[in-house]
Every structure is written in C-alpha cells, then in structure tokens.
Amino acid sequence: MTPKPETVDLIREKALWMRRTAFSMVHKAQLGHPGGDFSAIDILATLYFGVLRYDAKRPDWADRDRFVMSKGHATGALYSALCAAGYFPESWLATYMQPRAMLNGHPNRNYVPGVETNTGPLGHGFPVATGIAIAGQLTGAEYRTFVLTGDGEQQEGSNWEAAMTASFRKLENLTLIIDRNRLQQGQSTDVTTGMDPMDEKYRAFGFEVAVVDGHDLGALYDVLSQSPKGRGKPLCVIANTVKGKGVSFMENQAKWHHAVPDDAQFAQAMKELV
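Residues numbered from 1 in each chain as written. Predicted model: local features only at pLDDT ≥ 70, side-chain atom pairs only at ≥ 80, totals over all residues. Heavy atoms only, no water.

## Some words on the side chain of H257
Here is the rule we go by: Secondary structure elements follow DSSP: runs of H or I of four or more residues count as helices, runs of E of two or more count as strands, with numbering from the N terminus. Any residue under 20% of the maximum accessible area for its type is buried, any over 50% is exposed, and the rest in between are partly exposed; the area is computed with a 1.4 Å probe on protein chains only. The contact criterion used is simple: two residues touch if any of their non-hydrogen atoms lie within 4.5 Å.
Locating H257 in the fold gives a position in the loop between strand 7 (235-240) and helix 9 (263-272). A residue is classified by how much of its surface remains accessible, and H257, at 11% relative accessible area, is buried. Sequence-distant contacts of H257, defined by excluding residues within four places in its chain, comprise G32, H33, P34, H73, Q184, Q185 and K243.

## Here's the deal with the nonpolar core
Applied cut-off: The nonpolar core is taken to be a set of buried Ala, Val, Leu, Ile, Met, Phe, Trp, Tyr and Cys residues, with the residues joined through side-chain atoms within 4.5 Å.
In terms of nonpolar packing, the biggest core is built from 58 residues, with L44, L47, Y48, F67, F88 and I177 touching the most fellow members. Top element by residues in this core is helix 2 (residues 34-51). It accounts for ten residues. With sequence-adjacent residues up to four places away left out, F67 is seen in contact with L44, L47, Y48, L52, L78, E116, F146, V147 and L148. With 23 residues, the next largest nonpolar core counts Y143, W160, A163 and C236 among its residues.

## Looking at the pairing of strand 6 (residues 208-213)
Selection rule: Only strands joined by at least two bridges in the DSSP assignment are considered to pair. A clockwise course of the path from the first strand over the helix to the second, judged with the strands pointing away from the viewer, identifies a crossover as right-handed.
Pairing geometry for strand 6 and strand 7, over six bridges, is parallel. In the strand pairing of strand 7, V209 is matched with C236. With respect to chirality, the unit in which strand 6 leads through helix 8 (residues 217-225) into the neighbouring parallel strand 7 is right-handed.

## Points about the pairing of strand 2 (residues 145-150)
Burial analysis of strand 2 places six of its six residues in the buried class, the great majority of the element. Burial along strand 2 is two-sided: the residues T145, V147 and T149 and F146, L148 and G150 are all buried. Here strand 1 (residues 66-69) runs beside strand 2; their pairing, made up of four bridges, is parallel. Considered in strand 2, the bridge of V68 is made with V147. Here six bridges tie strand 2 to strand 3 (residues 174-180), and the two strands are oriented parallel to one another. The partner of T149 across the bridge, within strand 3, is I178.

## Topic: the UniProt feature "domain: Transketolase N-terminal" (unreviewed entry) in the protein
What counts here: UniProt positions are given in the numbering used here, feature names are shortened, and annotations may be inferred rather than shown by experiment.
As annotated in UniProt, the feature "domain: Transketolase N-terminal" (unreviewed entry) corresponds to residues 18-270 in the numbering used here. Taken as a whole, residues 18-270 contains 38% helix and 13% strand, while its terminal C-alpha atoms sit 12 Å from one another.

## Considering the environment of I43
As for its placement among the helices and strands, I43 is situated in helix 2. According to the relative accessible area criterion, I43 is buried, its value standing at 0%. Distance in space between the C-alpha atoms of I43 and I178 is 9.9 Å, their sequence separation being 135 residues. Apart from residues no more than four positions distant in its own chain, I43 is found in contact with L148, I177, G214, L220, A239 and T241.

## Thoughts on the packing of aromatic side chains
As a reminder, the rule being used: Between the rings of Phe, Tyr and Trp (Trp by its six-membered ring), a pair exists once the centres lie within 6.5 Å; its type follows the angle of the planes, with under 30 degrees stacked, over 60 edge-to-face, and the other angles tilted. Either the NZ atom of lysine or the CZ atom of arginine qualifies as a charge over a ring when it sits within 6 Å of the ring centre and within 35 degrees of the ring normal.
Tallied over the entire structure, the rule returns twelve aromatic pairs. Ring centres of Y79 and Y96 lie 5.9 Å apart, and the angle between their planes is 85°; this geometry places the pair in the edge-to-face category. Placement of Y79 in helix 3 (residues 75-84) and of Y96 in the loop between helix 3 and helix 4 (125-139) is noted, with a sequence separation of 17 residues between them. The residues Y79 and Y96 share a single accessibility class, namely buried. Against the face of F38 rests R19, its NZ or CZ located 5.8 Å from the ring centre.

## A look at the sheet that holds strand 3
Put simply, the test is: Here an angle of 0 to 180 degrees is reported between the N-to-C directions of two axes, which are lines fitted to C-alpha atoms, with helices fitted over the stretch in contact.
The strand order across the open sheet built from five strands is 1-2-3-7-6, with neighbouring strands paired in parallel fashion. The sheet is open, and its two edges are formed by strand 1 and strand 6, each paired on a single side. The mean angle between the axes of side-by-side strands here comes to 20°, regardless of whether they run parallel or antiparallel.

## Quick look at the pattern of salt bridges
Put simply, the rule is: Here, a salt bridge means any side-chain nitrogen of Lys or Arg that lies within 4 Å of a carboxyl oxygen of Asp or Glu.
One pass over the full model with this rule turns up 14 salt bridges. Between D65 and R53 there is a salt bridge, and its shortest N-O distance comes to 4.0 Å. Here the residue D65 occupies a position in the loop between helix 2 and strand 1, and R53 occupies one in the loop between helix 2 and strand 1, the gap between them amounting to twelve residues. Here R53 falls in the partly exposed class, since its relative accessible area comes to 35%. We note a salt bridge from R203 to E200, for which the minimum N-O separation is 2.9 Å. Note that R203 and E200 are positioned in helix 7 (residues 198-204) at a spacing of three residues, about one turn of the helix. By relative accessible area, R203 is classed as partly exposed at 36%. In this structure, a network of salt bridges that share partners links the residues D151, R180, R182, D190 and D196.

Okay, here's the thing in structure tokens:
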C-alpha cells in the first residue's frame with residue numbers, strides 16, 4: 001500500500017524526534033545502546049505512526065495490534081516511540097536508567113504501559129510473539145502481531161523453533177521484522193556466526209519474505225501495512241539498516257552498540273539530527 005505523502009512526513013518527523021530524544025536519554029544516563037536504537041527507529045516510527053492499531057489511553061484494549069520489542073536492549077528507541085505515541089508523559093524520559101525507575105535498561109510490562117512482554121535476554125521475543133499470534137488465531141481475534149529482532153539475535157536457536165511453529169500453524173497475522181544492521185556487540189554478525197542467505201532460510205521455513213531498505217519509510221510502510229488476509233503464512237521482513245543511522249561518527253561502528261556519548265559527541269549529534 002503506497003503511503004500518502006503526509007503519512008511519510010509524519011513518520012519522518014516522529015523518527016527525528018525519537019533519535020534526538022533517545023540520544024539525549026543515553027547521554028544523560030551515560031548508559032544505553034544508541035547504535036541499535038538508531039538502526040531500529042525508522043522501523044518503530046513506521047509501526048507506531050503508520051501501521052499499528054492501538055489506543056495509548058487503553059494499553060490493554062483487547063483489539064489492539066501487538067508489538068514485541070525482542071531486541072529489548074534498544075530501550076532508547078522503544079521508550080521514545082511509546083512516549084511519542086502517548087503512552088506516558090515526556091517527563092518520564094528524564095528518569096531513564098535511574099535506580100528504581102520504571103524506564104530501566106530492559107522493558108518491563110509491569111512498569112511501562114504499551115510494553116507487551118518483558119524482553120532483554122535475546123531470542124525470547126519471537127517465541128512469545130508466536131504464542132500471542134497463536135492465541136489470536138485460536139480465539140478468532142483480528143489483531144496483528146509484530147515482533148522486532150536484531151540480526152545477531154537470529155543466532156539464538158529459539159528463533160528457529162518459533163519459526164517452525166509459526167509456519168506450521170500458518171500464522172498469517174504474525175510479522176517478524178529483522179533489524180539487519182550486520183553488527184553486534186564487538187564485531188560483525190558474519191564474523192560471529194554467518195547467517196546468510198537469511199531470506200532463503202525463512203522461505204525454507206515457510207515464511208513469505210520481503211527484503212527492504214530499513215530506512216526507506218515508504219518501503220517500510222508499504223510492506224508492513226499490507227493486509228495479511230489470505231496470505232496463509234507468516235511474514236518475515238528483513239530490513240537492511242545502518243547501525244547508528246543519522247549520526248556520522250556512529251554509523252556502521254560496532255563500538256556504538258554499547259558506547260555512550262561525551263558532551264562534545266552529543267553536541268555534534270544534535271547538530272546533525274535536524
């Protein structure tokens with residue numbers, strides 16, 4: 001589905017706000033994962049401001065679409081998205097990573113409205129999302145389930161168990177999105193454990209597969225907004241992204257998986273994020 005220009009403009013505006021906000025949170029806390037935040041933000045902005053059906057004033061609305069952030073360490077991206085979507089006030093962001101804060105390093109559904117399940121240990125989100133999708137299938141619910149994983153996370157075997165189950169049950173309302181930035185903590189994903197051809201692997205597991213530029217908002221909207229009705233199988237969207245996208249000194253640098261900016265780097269980033 002081709003998005004209207006005003007939809008793309010809104011998503012772009014929100015994505016910029018989310019980048020500036022997430023980086024400010026990480027700078028203030030001196031903790032976080034800004035590289036992975038920035039590779040995922042365009043995906044999250046497209047979901048929350050173009051695709052997902054939700055009511056931020058009723059986080060437990062039964063007919064809401066479900067979104068699971070399996071790469072749970074990227075909380076700067078997730079919390080900025082939830083705040084922008086209206087799940088909690090902007091004042092909460094100043095508490096990021098503080099002792100006993102609700103906005104801690106990994107999302108907790110007991111503390112943060114809009115979080116579907118606790119994540120952080122990699123490889124857990126996709127299996128949980130598969131279970132959520134099965135529940136919807138069994139009850140005849142209309143909601144869609146989306147889950148975002150990192151590409152390094154695909155090295156976890158639990159993902160492939162979930163893939164087998166999702167395909168076997170023909171979970172057409174389930175969409176797996178892989179943030180394919182090709183870097184994980186310390187080095188390239190291909191050095192740790194090569195995963196290509198990732199698209200052919202998911203096709204072999206019985207998924208419909210789409211490969212897109214994970215920073216092309218129109219392309220993301222097009223593939224994620226399409227109705228799953230009649231597809232008869234789950235969808236895997238491989239989003240080719242850039243770690244640290246939007247800040248020159250962070251882009252494609254593995255060290256920014258877990259690095260935090262000093263004052264000079266923060267100031268430079270704010271000049272670039274306009």
